[in-house]
Amino acid sequence: MNEQKGVCFFAYNNEQLDYVKMAILASKYVKENLKLPVCLITDEGSDNWLSQTHSKELIEDSFDYIVITNDEMKPNHRRHYDSPWSEFAAQFNNSNKHKIYEYSPFEQTLLLDIDYIVKTDVLLKYFDGDSPVCMFDNALSVRNELPSPQERVLYDAGIKMWWSTVVYFDRSNFSKLFFDTWAHVADNYAFYQYLYNFPSRLFRTDYCVSIAVHILSGMQDTQTHLHIGNFDDTSLVNVSQKDDIIETHGLNEWIIIAHDQKETWKNILVKVDKQDIHVMNKRALERMLPGLMEEFDV
Amino acid sequence: MDERLEKALEFSNYALTINNQKRNIRNRVAQLQIVHYAGGVFIANHETISFIKTLIDMKHKKSIIIDSKNNPITVKSLNELLEKLMDAYTSATTEFDIENEKIKKSRNIKKIMDW
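Below you will find a few notes about this structure.

So, how was this worked out
- Think of each chain on its own: its residues are numbered from 1, step by step along the sequence as written.
- Chain letters start at A and ligand numbers start at 1, both assigned in the order the entries are written.
- Where local features are concerned, this predicted model is filtered to residues with pLDDT of at least 70; where side-chain atom pairs are given and counted, the filter is 80 or more; whole-chain, interface and lining totals use all residues.
- Water and hydrogen atoms play no part in the side-chain values, which are based on all heavy atoms of the structure.
- In this text, helices come from DSSP runs of H or I with a minimum length of four residues, and strands from runs of E with a minimum of two, each type numbered from the N-terminal end.
- Exposure is judged per residue with a 1.4 Å probe applied to protein chains only, and the accessible area is read against the type maximum: over 50% gives exposed, under 20% gives buried, and values in between give partly exposed.
- Method for areas: the Shrake-Rupley scheme with a 1.4 Å probe, in which residue coverage is limited to the protein chains shown.
- By the counting rule applied here, Lys and Arg register as positive and Asp and Glu as negative, while His and the ends of each chain are not counted.
- Just so you know, the charge point we use is NZ for Lys, CZ for Arg, CG for Asp and CD for Glu.
- Throughout, a residue-residue contact means that at least one pair of heavy atoms, one from each residue, lies within 4.5 Å.
- A simple way to read buried area is as the amount of 1.4 Å-probe accessible surface that goes missing from two parts once joined, with both sides added.
- Between Lys or Arg on one side and Asp or Glu on the other, a salt bridge is scored when a side-chain nitrogen of the former is within 4 Å of a carboxyl oxygen of the latter.
- Any N or O atom pair separated by 3.5 Å or less is treated as a polar contact, with the protein-specific requirement of one donor-capable and one acceptor-capable atom, and with residues adjacent in sequence counted only for side-chain atom pairs.
- Pairing between strands requires that DSSP locate at least two bridges from one strand to the other.
- The pairing test for Phe, Tyr and Trp rings, Trp by its six-membered ring, is centres within 6.5 Å, and the orientation test on the planes gives stacked under 30 degrees, edge-to-face over 60, and tilted for anything in between.
- Here an axis means a line fitted to C-alpha atoms, over the contact stretch when the element is a helix, while the angle between two N-to-C directions is reported on a 0 to 180 degree scale.
- To define a nonpolar core, start from buried Ala, Val, Leu, Ile, Met, Phe, Trp, Tyr and Cys residues and group those joined through side-chain atoms within 4.5 Å.
- Grid points spaced at 1 Å over the protein atoms alone were grouped into cavities, where a 1.4 Å probe fits but cannot get out, and pockets, open sets with protein on both sides within 12 Å along at least five of seven lines, with lining residues defined by an atom within 4 Å of a point.
- Grid points are joined across faces, edges and corners, and a volume is the space filled by probe spheres set on the points.
- Gly falls in the polar group here, along with every residue not listed as nonpolar (Ala, Val, Leu, Ile, Met, Phe, Trp, Tyr, Cys, Pro) or charged (Asp, Glu, Lys, Arg).

**Some details on the overall build of chain A**
Per the secondary structure count, chain A includes 8 helices and 16 strands. Out of the 298 residues in chain A, the part that is buried amounts to 60%. Within the structure as shown, chain A displays about 12,600 Å² of accessible surface, and the carbon and sulfur contribution to it stands at 48%. Distance from the positive charge centre (28 side chains) to the negative charge centre (45 side chains) of chain A: 4 Å.

**A few points about the side chain of Ser62(A)**
With respect to the helices and strands, Ser62(A) occurs in helix 3 (residues 56-62). Other than its neighbours up to four places away in sequence, Ser62(A) contacts Ile24(A), Ser27(A), Lys28(A), Lys31(A) and Val38(A).

**Let's talk about the interface of chain A and chain B**
Counting residues at the interface gives 25 residues for chain A, matched by 22 residues for chain B. A per-residue breakdown of the area chain A buries against chain B is headed by Asn144(A), Leu269(A) and Lys271(A), which together make up 26% of the total. The tally of links from chain A across to chain B stands at 3 salt bridges. A salt bridge links Lys69(B) to Asp232(A); the shortest N-O distance between them is 4.0 Å. Put simply, chain A and chain B have 10 residue pairs in polar contact (both at pLDDT 80 or more) between them.

**A word on the sheet that holds strand 7 (residues 116-117) of chain A**
Residue and element names in this part refer to chain A. An order of 7-16-12-9 is seen for the 4 strands of this open sheet, with the pairing classed as mixed. A single partner strand is all that each edge strand has here, and the edge strands are strand 7 and strand 9 (139-141). Where strand 12 (residues 236-239) meets strand 16 (residues 277-279), 2 bridges bridge the pair, whose relative direction is parallel. From the neighbouring strand, Asn-238 faces strand 16, where its bridge partner is His-278.

**Quick notes on the pattern of salt bridges**
Counted according to the given criterion, the structure contains 27 salt bridges over all chains. The salt bridge involving Glu145(A) is made with Arg143(A); its shortest N-O contact spans 3.7 Å. Classification of Glu145(A) as partly exposed rests on a relative accessible area of 27%. With its nearest N and O atoms 3.6 Å apart, the salt bridge here joins Lys102(B) to Glu99(B). Of this pair, Lys102(B) and Glu99(B) both sit in helix 3 (residues 78-105), 3 residues apart, roughly one helical turn. According to the relative accessible area criterion, Lys102(B) is partly exposed, its value standing at 37%.

**A short note on the packing of aromatic side chains**
Each aromatic ring pair is summarised here by two numbers: the centre-to-centre distance and the angle between the ring planes. Residues and elements named next belong to chain A. For the structure on display, the rule yields 20 aromatic pairs over all chains. Relative to Phe-179, the ring of Tyr-101 has its centre 5.8 Å away and its plane inclined at 35 degrees; by these criteria the two rings are tilted. One end of the pair, Tyr-101, is in helix 4 (residues 100-103); the other, Phe-179, is in helix 5 (residues 173-187), with 78 residues separating them in the sequence. For the pair formed by Tyr-101 and Phe-179, the shared burial category is buried. When the centroid spacing of 4.6 Å and the interplanar angle of 70 degrees are considered together, the rings of Phe-169 and Phe-179 count as edge-to-face.

**Here we look at the sheet that holds strand 6 (residues 106-112) of chain A**
Residue and element names in this part refer to chain A. The strand order 3-2-1-6-10-8-11 describes an open sheet built from 7 strands, whose pairing is mixed. Of all the strands in the sheet, the pair left with one neighbour each is strand 3 (65-69) and strand 11 (228-229). Direction of pairing for strand 8 (residues 133-136) relative to strand 11: parallel, over a ladder of 2 bridges. Pairing of Val-133 across the sheet is with Ile-228, part of strand 11. On top of the sheet, helix 7 (residues 205-216) reaches strand 8, strand 10 (163-169) and strand 11; it is set at about 55 degrees to strand 10, its chief contact.

**A short note on the nonpolar core**
Counting residues in each nonpolar core, the largest one holds 99 residues, and the members touching the most others are Leu112(A), Leu123(A) and Phe178(A). In terms of residue count, helix 1 (residues 19-33) of chain A provides more of this core than any other element does, 9 residues in total. Each residue touching Leu123(A), except ones within four places of it in the same chain, is listed here: Leu34(A), Leu110(A), Leu112(A), Tyr116(A), Val118(A), Val166(A), Phe231(A) and Asp276(A). Tyr37(B), Phe42(B), Ile65(B) and Leu85(B) belong to the second largest nonpolar core, which has 16 residues in total.

**Brief notes about empty space enclosed by the protein**
Scanning all chains against the criterion turns up 2 cavities of 30 Å³ or more. When its volume is computed, the largest cavity comes out at roughly 90 Å³. Surrounding the largest cavity, 14 residues form its lining, Tyr116(A), Val122(A), Phe136(A), Asp276(A) and Gln31(B) being those nearest its centre. When the residues that make up the lining of the largest cavity are grouped by side-chain class, the tally is 8 nonpolar, 5 polar and 1 charged. There is about 40 Å³ of room inside the second largest cavity. As for the second largest cavity, its lining consists of Lys160(A), Trp162(A), Ser210(A), Val213(A), His214(A), Ser217(A), Gln220(A), Asp221(A) and Thr222(A). For the lining of the second largest cavity, the per-class residue count stands at 2 nonpolar, 5 polar and 2 charged.

Right, dumping it as structure tokens:
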């Protein structure tokens, strides 16, 4: 019998970003605020790096389970920004994310991206909710602005975008159907790109889940789905790749310099407190990591 | 730069920052007002609380209530739901009040950021 409730993270390092290190920080926040066991899903290389760079105690303290995968990853070059003025590219290994249904050791799983920082216990209530699958279907920047049109719909006249950053699911038949549909879309990505007309060569799991939801909704862009929850219409809050974290006070109070989407040189300061956030600028997260780990007494 | 314009732009930036912080707090408060009960989703606002209280005052113990997702929910204990709604409402408004007071006292961006 699997453990009942828990949180999973996928983390595959590349030559630019140490995902497993960021997963430790994300796990610390989960344990602090959700008090749930955490499972790291990674590959042998990243796991070896984790063991070489962190103590056994810290690894055991951060992860209750470690699942090693050896899936073949699709070439997926992603461009990252660190503020509007700096950018780099790296391989992004995400083509096996739908396999979480197979890899998770939990009956009820919350799958989080390693750059999703849990600062509240809000997500706990969805473990007791009625929806077998939950994801965000809308997002806001820390400036309370909507994302660019390409991140609201798959193309100008396209279907609504759902975000795979946070996925809650249980072991129901519907959840299995959802992940099987996601796998089918991932396996036939080029066909669905042609059919749904979404841009970019980047393999995005957000597109896969959006199409899976659309198919399972009777090919309609429904406001409410019988089986898929949207975290009660709340928004995924994104710290964009072009924003920067400039200071943290304790664990929860973060001061962010947030850019204007149209005039990127114009910034305002935003204080984010008691708010779960998706930190898309991973370099910024890496810069803050040592100080935050100290706050956790690590 | 003309000193008058410099001051105006400084105030403009302050207003932008403070309004954004207020929206952040309102988002947080809205999240705290969400109550999951008996498979339904209820918003702990004046309307829901008053309606449930009215049913209780009319001697109803249980009822079918349409939740915020427009689904009919069988509520077996109206008193229990009312208690949960009041708890959520109180914690949301308390947090709102604390944060709002902090913002009201902040006369510049440094104060808003607690620097």
